[in-house]
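# Per-entry structural report
Residue strings, one per chain:
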Amino acid sequence: DSGVTQTPKHLITATGQRVTLRCSPRSGDLSVYWYQQSLDQGLQFLIQYYNGEERAKGNILERFSAQQFPDLHSELNLSSLELGDSALYFCASSVGEGAWSGYTFGSGTRLTVV
Amino acid sequence: DQQVKQNSPSLSVQEGRISILNCDYTNSMFDYFLWYKKYPAEGPTFLISISSIKDKNEDGRFTVFLNKSAKHLSLHIVPSQPGDSAVYFCAASAGAGSYQLTFGKGTKLSVIP
């Protein structure tokens, strides 16, 4: 157990729907990162929050949004889902803001859009 | 445009031998490199890292080598063990305080007993 908790582990939904993925960071970590791993692809950075504030954005679609709450858990909202959004979504956390010390990843949420 | 490339999707090695996983990058701004290991149904786990001010970093059976002029790094595992069978991701960041890692697509290592 890495200490980063992601729920749900699996999600199957239809095109056009909206889903929310949840992440609880490791105790003491202030930064949360979201990554997407599509089939046969590396992990693609989506967005980072630090202590409730958005810090960096990567290749995140406008249909996707995220937030970090006062208790530091984070949610990734995916709307108007398309078949191509099917992927593994990983959350990671770190103590500081940067990637310098490396991340601790959760086990991911597998999203299947049908 | 892939900035971090792992050109070998898979690698098979006999138990006890050396495993060498390679990674190339194109972005000269990258100055910190990490290797992650991933087992099925789990998230990636940090393995070892190296700063661009070094050319080698060792941690037990794992050694990472960095060749900045060639924009190439490699992970050596000696001796390889069946438990090392996993997907290995190379990742890079651009500077302390950088907020994102750029990952390669991964290399699946199979260590044969």
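Notes on the structure in this doc start here.

Each value, and the rule that gives it
Residues numbered from 1 in each chain as written. Chains lettered and ligands numbered in written order. Predicted model: local features only at pLDDT ≥ 70, side-chain atom pairs only at ≥ 80, totals over all residues. Heavy atoms only, no water. Pairing = 2+ DSSP bridges. Helix = DSSP H or I, 4+ residues; strand = E, 2+ residues; numbered from the N terminus. Axes fitted to C-alpha atoms, helices over the stretch in contact; angles between N-to-C directions. Contact = heavy atoms within 4.5 Å. Buried area = accessible area lost by both parts, 1.4 Å probe. Salt bridge = Lys/Arg side-chain N within 4 Å of Asp/Glu carboxyl O. Polar contact = N/O pair within 3.5 Å; in protein donor to acceptor, adjacent residues only side chain to side chain. Nonpolar A, V, L, I, M, F, W, Y, C, P; charged D, E, K, R; others polar.

## Here's the deal with the sheet that holds strand S3 (residues 19-24) of chain A
Residues and elements named next belong to chain A. The strand order S1-S3-S8-S7 describes an open sheet built from four strands, whose pairing is antiparallel. A single partner strand is all that each edge strand has here, and the edge strands are strand S1 (5-7) and strand S7 (64-68). The sheet shows a mean angle of 15° between the axes of neighbouring strands, taken without regard to direction. Alignment of S3 against strand S8 (residues 74-78), held across five bridges, turns out to be antiparallel. Residue Arg22 lies in a different strand from S8, and its bridge partner there is Glu75.

## With respect to the interface of chain B and chain A
Contacts between the two partners involve 22 residues from chain B and, on the opposite side, 22 residues from chain A. Here chain B meets chain A over a buried area of about 1700 Å², counting both sides, of which 64% is carbon and sulfur. Counting across the chain B and chain A interface gives zero salt bridges. For the pair chain B and chain A, the interface holds three residue pairs in polar contact (both at pLDDT 80 or more). If you list the elements that add at least two residues to the side of chain B that touches chain A, you get strand S4 (32-38) and strand S9 (86-93) of chain B. Ranked by the residues each element gives to the side of chain B that touches chain A, the list is headed by S4 of chain B, at four residues. Tallied by class, residues from the side of chain B that touches chain A come to 11 nonpolar, seven polar and four charged.

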